[in-house]
Amino acid sequence: MSKAKPKYIFVTGGVASSLGKGIISASLARLLLARGYSVTIQKLDPYINVDPGTLNPYEHGECYVTEDGAETDLDLGHYERFTSIATSKANNVTTGKIYQSVINKERKGEFLGKTVHVIPHITDEIKRRIQLLANKKIYDVIITEIGGTVGDIESLPYIEAVRQLRYSLGYKNTAIVHLTLIPYMSASGELKTKPTQHSVKALLENGLQPDVLVLRTEKHLTAQVRRKVALFCNVDVEAVMESIDVPTIYEVPLKMHEQRLDEVILGKIDLPCVGEPDLKSWIEFVDKVKNPTRTVQVALVGKYTELPDAYKSIVESFVHAGAANHVKVKLTYVNSEKLSKEHIESVLGKMSGILVAPGFGHRGIEGKIAAVQYAREHGVPFFGICLGMQCSVIEFARNVLGYADANSTEMETATSAPVIDLMEEQKGVTEKGGTMRLGAYPCQLAEGSKVRAAYGSELVYERHRHRYEFNNDYMEQFSAAGLKPVGINPDTNLVEVVELEGHPWFIGTQFHPEYKSTVLNPHPLFASFVRAAVEYSENEKK
Ligand code: GLN
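Just so it is clear, the structure is predicted and the values come from calculations on it, not from any experiment.

**Q** Would you take a moment to explain the pattern of salt bridges for this structure?
**A** Where charged atoms from two side chains of opposite charge come close, those side chains can pair. Following the criterion strictly, the structure yields 33 salt bridges and no others. The salt bridge involving R35 is made with D262; its shortest N-O contact spans 2.9 Å. One end of the pair, R35, is in the loop between α1 (21-34) and β2 (39-45); the other, D262, is in helix α10 (residues 261-268), with 227 residues separating them in the sequence. Residue classification places D262 among the buried residues on the basis of a relative accessible area of 1%. Here R129 and E125 are joined by a salt bridge, their closest N and O atoms 3.0 Å apart. Of this pair, R129 and E125 both sit in helix α5 (residues 118-132), 4 residues apart, roughly one helical turn. The same class applies to R129 as to E125, namely buried. One salt-bridge network, in which partners are shared between bridges, spans K43, D45, D73, D75 and E145.

**Q** How should the site of the ligand be read in this particular structure?
**A** Residues in contact with the ligand, as listed here, are P358, G359, F360, C386, L387, Q390, E410, R465, H466, R467, Y468 and H512. Note that an oxygen atom of the ligand is positioned 3.0 Å from one of the backbone N or O atoms of L387. At 2.9 Å, a backbone N or O of R465 approaches a nitrogen atom of the ligand. Bound to the protein, the ligand loses 99% of the 290 Å² it would expose on its own. Looking at the shell around the ligand, the elements with two or more residues in it are α15 (387-399) and β19 (459-466).

**Q** Where do I start with α15 in this structure?
**A** Structurally, the α-helix is built with 3.6 residues per turn, so residues lying three or four positions apart point the same way. Its 13 residues give α15 an end-to-end C-alpha distance of 18 Å, which sits within 8% of 18 Å, the value for a rise of 1.5 Å per residue. Counting buried positions along α15 gives 12 out of 13 residues, so the element sits mostly inside the fold. Turning to α15, its buried residues are L387, G388, M389, Q390, C391, S392, V393, I394, E395, F396, A397 and R398.

**Q** Explanation requested: unusual backbone geometry in the structure shown.
**A** For residues other than glycine, phi is negative in most cases, and the peptide bonds are mostly trans. Each neighbour pair has its own omega, and for I119 with P120 the value is 15°, a cis peptide bond. Mapped onto the elements of the fold, P120 is located in helix α5. Although it is not a glycine, V15 sits at a positive phi angle of roughly 75°. Structurally, V15 is set in the loop between β1 (7-13) and α1. Residue S18 is not a glycine yet carries a positive backbone phi of 55°.

**Q** Just checking my understanding: could you explain the environment of G353 for this structure?
**A** In this structure, G353 sits in strand β14 (residues 353-356). On the accessibility criterion, G353 (0% relative accessible area) is buried. In this structure, the C-alpha to C-alpha distance between G353 and G379, residues 26 residues apart in sequence, is 9.6 Å. Residues in contact with G353, not counting those within four places in the same chain, are Q297, V298, A299, V380, P381, F529 and A533.

**Q** How should helix α7 (residues 194-205) be read in this particular structure?
**A** Given a rise of 1.5 Å per residue, 12 residues ought to cover 16 Å, and the 16 Å separating the end C-alpha atoms of α7 matches this to within 8%. Among all positions of α7, only T196, Q197, S199, V200, A202 and L203 are buried. On the buried face of α7, the contacting elements are β1, α6 (156-169), β7 (174-181), β10 (212-217) and α8 (223-233). Just past α7, the residue G207 takes up positive phi, approximately 85°.

**Q** Would you explain a nonpolar patch on the surface in this entry?
**A** A cluster of nonpolar residues, Y99, I103, V118 and I119, forms a patch on the protein surface that exposes about 340 Å² of accessible area. If you list the elements that add at least two residues to the nonpolar patch, you get α4 (95-107) and α5. Locating V118 in the fold gives a position in helix α5. The exposure class assigned to V118 is partly exposed, which follows from its relative accessible area of 38%.

**Q** Please clarify how the sheet that holds strand β12 (residues 294-302) should be interpreted in this entry.
**A** In a beta sheet, neighbouring strands are held together by backbone hydrogen bonds and run either parallel or antiparallel to one another. Here we have 9 strands laid out as an open sheet, ordered β13-β12-β14-β15-β23-β22-β21-β18-β19, and mixed in their pairing. Of all the strands in the sheet, the pair left with one neighbour each is β13 (327-335) and β19. Direction aside, neighbouring strands of the sheet carry axes that sit 30° apart on average. Here 3 bridges tie β14 to strand β15 (residues 382-385), and the two strands are oriented parallel to one another. Looking at β15, one finds that I354 is bridged to F382. The strands touched by helix α14 (residues 365-378) are β12, β14, β15, β22 (495-500) and β23 (506-509); relative to β14, the strand with the most contacts, the crossing angle is about 150°.

**Q** Is there a simple way to explain the packing of helix α11 (residues 280-290) against helix α12 (residues 312-324) in this structure?
**A** Two quantities define a packed helix pair, namely the angle between the axes and the distance from one axis to the other. Across the interface, α11 lies against α12 with an axial gap of 9 Å and an inter-helix angle of 95°. By the angle between their axes, α11 is roughly perpendicular relative to α12. Between α11, through F285, K288 and V289, and α12, the contact on the second element is made entirely by V319, H320 and A323. In the contact of α11 with α12, the residues fall into 4 nonpolar, 1 polar and 1 charged.

**Q** What is the right way to read the nonpolar core from this model?
**A** Generally speaking, nonpolar side chains in soluble globular proteins are found buried as a group. Core analysis: the largest hydrophobic core is formed by 58 residues, its most contacted members being I9, L32, I143 and V212. Sequence-distant contacts of I143, defined by excluding residues within four places in its chain, comprise I9, V11, S25, L28, A29, V39, T40, I41 and Q42. By size, the runner-up hydrophobic cluster in this structure holds 41 residues, among which are V334, A371, L483 and Y536.

The rules behind the values
Residues numbered from 1 in each chain as written. Predicted model: local features only at pLDDT ≥ 70, side-chain atom pairs only at ≥ 80, totals over all residues. Heavy atoms only, no water. Salt bridge = Lys/Arg side-chain N within 4 Å of Asp/Glu carboxyl O. Helix = DSSP H or I, 4+ residues; strand = E, 2+ residues; numbered from the N terminus. Buried < 20%, exposed > 50% of the residue type's maximum accessible area, 1.4 Å probe, protein only. Near = heavy atom within 4 Å. Polar contact = N/O pair within 3.5 Å; in protein donor to acceptor, adjacent residues only side chain to side chain. Areas by Shrake-Rupley, 256 points an atom, 1.4 Å probe, with all protein chains shown as cover. Expected span 1.5 Å × (residues − 1). Contact = heavy atoms within 4.5 Å. Patch = residues over 30% accessible without salt bridge, like charges linked within 9 Å, V, L, I, M, F, W, Y side chains within 5 Å. Pairing = 2+ DSSP bridges. Axes fitted to C-alpha atoms, helices over the stretch in contact; angles between N-to-C directions. Parallel < 35°, antiparallel > 145°, perpendicular 65-115°, else oblique. Nonpolar A, V, L, I, M, F, W, Y, C, P; charged D, E, K, R; others polar. Core = buried A, V, L, I, M, F, W, Y, C linked by side-chain atoms within 4.5 Å.

Right, here's the structure in full:
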């Protein structure tokens with residue numbers, strides 16, 4: 001087949017939101033990869049924001065960052081974790097982006113005096129974006145996840161664009177996977193199919209017939225339920241898949257393969273399906289996640305602790321790193337706003353590792369600094385990411401270098417020791433969207449450092465999302481007192497990693513390693529941190 005003309009699979013959702021379309025899309029991609037096809041996944045988000053970069057994590061969970069510096073939906077994180085294939089700006093499209101380009105064209109007069117409409121102008125732009133990834137000519141299959149739920153007003157242009165694309169690309173070159181919910185009524189002991197029937201009706205009203213139905217359920221589907229759904233939704237009975245709750249999301253590809261999702265979907269898009277997919281390493285990984293030899297306790301200190309989705313990539317990196325060490329990492333979310341010196345021992349005393357999370361603004365910052373101090377003074381393995389690294393620098397400046405009011409100028413512009421400061425090129429920036437230091441930058445690691453040993457290489461590329469930086473005016477003082485800048489951007493001389501001498505494991509990274517951890521390539525720093533936490537717990541008998 002020609003990679004210039006890939007096949008398209010669209011994943012839609014109905015009945016309820018948050019059913020896990022991202023995980024189903026990623027699982028399908030994993031299965032097709034395991035069968036030797038090259039695949040990418042993109043997400044279309046129907047909201048009006050241009051990207052989620054300006055959203056509060058409580059609104060939309062973590063903001064994920066791609067290699068090329070796009071701030072995206074957290075589902076792209078799932079895509080990368082399941083496929084180990086980097087996504088890019090083109091993999092996340094929002095209504096905001098669509099309208100922005102159509103309006104820009106209109107302002108340039110490119111519509112030649114015509115009235116601009118949702119159909120065809122907005123739908124044409126959606127179709128153009130959906131097909132953009134095909135220009136790379138490297139994919140056999142492009143999976144497109146459509147955010148939101150069928151029937152939402154804001155999803156309509158997307159559904160219409162998919163209808164038109166199916167018509168023009170051909171029904172054997174496209175397929176629709178629709179994910180719905182089968183609720184269980186405990187009072188009558190029944191699984192109910194009606195919401196699914198209605199959801200498929202809503203799709204049909206808009207001209208789309210699903211090829212595969214994936215039904216989220218708490219209880220196993222009976223053959224009768226499958227037949228009923230198949231009959232009322234015009235879907236082959238073998239194309240009705242059950243997606244039952246599983247202990248780990250990483251089991252979903254295996255559950256889908258058991259029901260032959262890969263075979264069914266390849267049949268729909270007319271691609272050969274020979275033999276069995278190679279899922280060996282995946283199965284080994286899931287086995288390690290499900291059967292850890294022991295548990296190790298790590299504190300995740302941050303201010304969005306009520307919503308674990310706000311730290312999605314960090315949480316998943318611990319799953320990968322735990323499996324790499326044959327342990328389960330039990331994360332305790334510690335709200336930094338409530339962490340005071342008086343009760344810190346009772347909260348952090350039980351921990352074998354402390355991670356101080358990324359973040360913005362001064363709220364909760366003193367609790368984070370107190371957590372760093374505790375880790376430094378008690379020899380507890382410490383991992384500071386982005387703001388967490390900046391907190392380790394502030395803490396060291398205050399309590400070791402003696403700058404009592406040291407701070408980041410993000411928190412206190414009048415500080416006499418601005419150990420973390422705004423980059424020169426950030427000083428004139430007023431627009432908030434997409435203006436931070438974003439995406440992958442090189443980092444040179446110092447010989448003899450723990451980070452270099454963990455990576456096993458001298459030059460690494462890691463992703464960034466921040467405005468403030470280590471202030472190099474203080475570099476020598478920090479280094480002389482033991483907080484060593486061991487990772488430097490070779491092009492700009494910016495400090496990317498600090499490491500504390502004489503401590504079992506104390507590392508702060510200005511970049512976000514969590515964005516690059518995947519099932520098949522757990523991040524070396526997370527793996528090394530978890531190993532240190534295991535050693536600490538064994539020494540301290542925790
Ligand atoms: N607020 C800090 C900055 O902008 C850190 C950002 C982060 O943790 N992602 O530099």
